[in-house]
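Given next are the chains, with one letter for each unit.
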Amino acid sequence: MTESWHGTTILCVRKGPMVVMAGDGQVSLGQTVIKGNAKKLRRVGDGQILAGFAGATADAFALLERLEAKLERHPGQLARACVELAKDWRTDRYLRRLEAMMTVADKDVSLVLTGQGDVLEPEYGVIGIGSGGNYALAAARALLPVEGLDAEEVARRAMAIAADICVYTNTQLTVEKLILS
């Protein structure tokens, strides 16, 4: 039996004048934590787009490179670039084998991209992917209407809750944010 890699929780929260993406740092192989401070978030598109990935790291980087190429062809059009990437992901034999998911966000939209060719905009402005993604998503949705909590505080609290529940998620966060105008 081959042990599998686990350990990514990525959360994207859009609230008020801010969009925040948070990712934990844990990478696990079977029951062993291999790394506790991995960086699973990147800024692309001249720093105006946040990207987070879950799944095989090399696959995720391959997808990020392809997304950046699509953004160069379609500057300022994140949704179109993602749809073009999803088309390639579904039809290209090499890309179809990639095991990763991505979430991306700019000033206008937050999206999830999957290997099945999906490009989805979430309800409520919240996305959670990875092993602890559903826990973080549920916590963020519960915290979203709380007065006095901005997007970053919602993301940090939700990720803390996910880390308390999911053994493949830790509390060493990377947080990136965009201020919306």
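Below you will find a few notes about this structure. The structure presented is a predicted model; accordingly, all values stated were derived computationally and were not measured. (Residues numbered from 1 in each chain as written. Predicted model: local features only at pLDDT ≥ 70, side-chain atom pairs only at ≥ 80, totals over all residues. Heavy atoms only, no water.)

Some remarks on the overall build of the protein
Then comes step 1: Scanning the protein from N- to C-terminus turns up 5 helices and 12 strands.
Then comes step 2: With respect to the three principal axes, the spread of C-alpha positions in the protein is 50 × 40 × 25 Å.
Then comes step 3: Expressed as a percentage of the 181 residues in the protein, the buried residues total 48%.
Then comes step 4: When the accessible surface of the protein is summed, it comes to about 9300 Å², and 49% of that surface belongs to carbon and sulfur atoms.
Then comes step 5: Where the 21 positive side-chain charges of the protein centre and where its 22 negative ones centre are 3 Å apart. (Helix = DSSP H or I, 4+ residues; strand = E, 2+ residues; numbered from the N terminus. Buried < 20%, exposed > 50% of the residue type's maximum accessible area, 1.4 Å probe, protein only. Areas by Shrake-Rupley, 256 points an atom, 1.4 Å probe, with all protein chains shown as cover. Lys, Arg positive; Asp, Glu negative; His and termini not counted. Charge placed at Lys NZ, Arg CZ, Asp CG, Glu CD.)

Points about the sheet that holds strand β7 (residues 49–55)
Then comes step 1: Here we have 5 strands laid out as an open sheet, ordered β6-β7-β8-β9-β10, and antiparallel in their pairing. What marks the edges here is a single partner per strand, and that holds for β6 (41–44) and β10 (119–120).
Then comes step 2: Bridging between strand β9 (residues 110–113) and β10 involves 2 bridges; their strand directions are antiparallel. Within β10, the residue paired with Leu-113 across the bridge is Val-119.
Then comes step 3: Seen against the sheet, helix α2 (residues 78–91) touches β7, β8 (100–105), β9 and β10 and runs at an angle of roughly 5° to β9. (Pairing = 2+ DSSP bridges. Contact = heavy atoms within 4.5 Å. Axes fitted to C-alpha atoms, helices over the stretch in contact; angles between N-to-C directions.)

A short note on the nonpolar core
Then comes step 1: Counting residues in hydrophobic clusters, the biggest one holds 20 residues, and the most contacted among them are Leu-67, Leu-71, Leu-78, Cys-82, Met-102, Val-104 and Leu-113.
Then comes step 2: Counting residues per element, the ones that place at least two in this core are β7, α1 (57–73), α2, β8 and β9.
Then comes step 3: With residues near it in sequence (within four places) discarded, Leu-78 still touches Ile-49, Leu-71, Val-104, Ala-105, Asp-106, Val-109 and Leu-111.
Then comes step 4: Counting 18 residues, the second largest nonpolar core, distinct from the first, contains Val-13, Val-20, Leu-144 and Ala-155. (Core = buried A, V, L, I, M, F, W, Y, C linked by side-chain atoms within 4.5 Å.)

A closer look at the packing of aromatic side chains
Each pair of aromatic rings is reported with the distance of its centres and the angle of its planes.
Then comes step 1: Evaluation of the coordinates by the stated rule reveals 1 aromatic pair.
Then comes step 2: For the pair Phe-53 and Phe-61, a centre-to-centre distance of 5.3 Å together with 55° between the ring planes defines the contact as tilted.
Then comes step 3: Residue Phe-53 is classed as buried on the basis of its relative accessible area of 4%. (Phe/Tyr/Trp six-rings, centres within 6.5 Å; stacked < 30°, edge-to-face > 60°.)

Some thoughts on the side chain of Glu-152
Then comes step 1: Note on placement: Glu-152 falls in helix α5 (residues 151–165).
Then comes step 2: With relative accessibility at 16%, the residue Glu-152 sits in the buried group.
Then comes step 3: For Glu-152, the side chain forms a polar contact with the side chain of Lys-177, separated by 2.8 Å.
Then comes step 4: Leave out the neighbours within four places in its chain, and Glu-152 touches Met-18, Val-20, Val-175 and Lys-177. (Polar contact = N/O pair within 3.5 Å; in protein donor to acceptor, adjacent residues only side chain to side chain.)

Things to note about the packing of helix α4 (residues 133–143) against α5
Then comes step 1: Two elements in contact, α4 and α5, have axes separated by 8 Å at closest approach and are oriented at 140°. Relative to α5, the element α4 lies oblique. When the axes of α4 and α5 are compared, the crossing they make is right-handed. When α4 is examined against α5, the residues Tyr-135, Ala-136, Ala-139, Ala-140 and Leu-143 are found in contact with a partner set consisting of Val-154, Arg-157, Ala-158, Met-159, Ile-161, Ala-162 and Ile-165.
Then comes step 2: When its residues are assigned to classes, the contact of α4 with α5 shows 11 nonpolar, no polar and 1 charged. (Parallel < 35°, antiparallel > 145°, perpendicular 65-115°, else oblique. Left-handed = near helix turned anticlockwise from the far one by under 90°. Nonpolar A, V, L, I, M, F, W, Y, C, P; charged D, E, K, R; others polar.)

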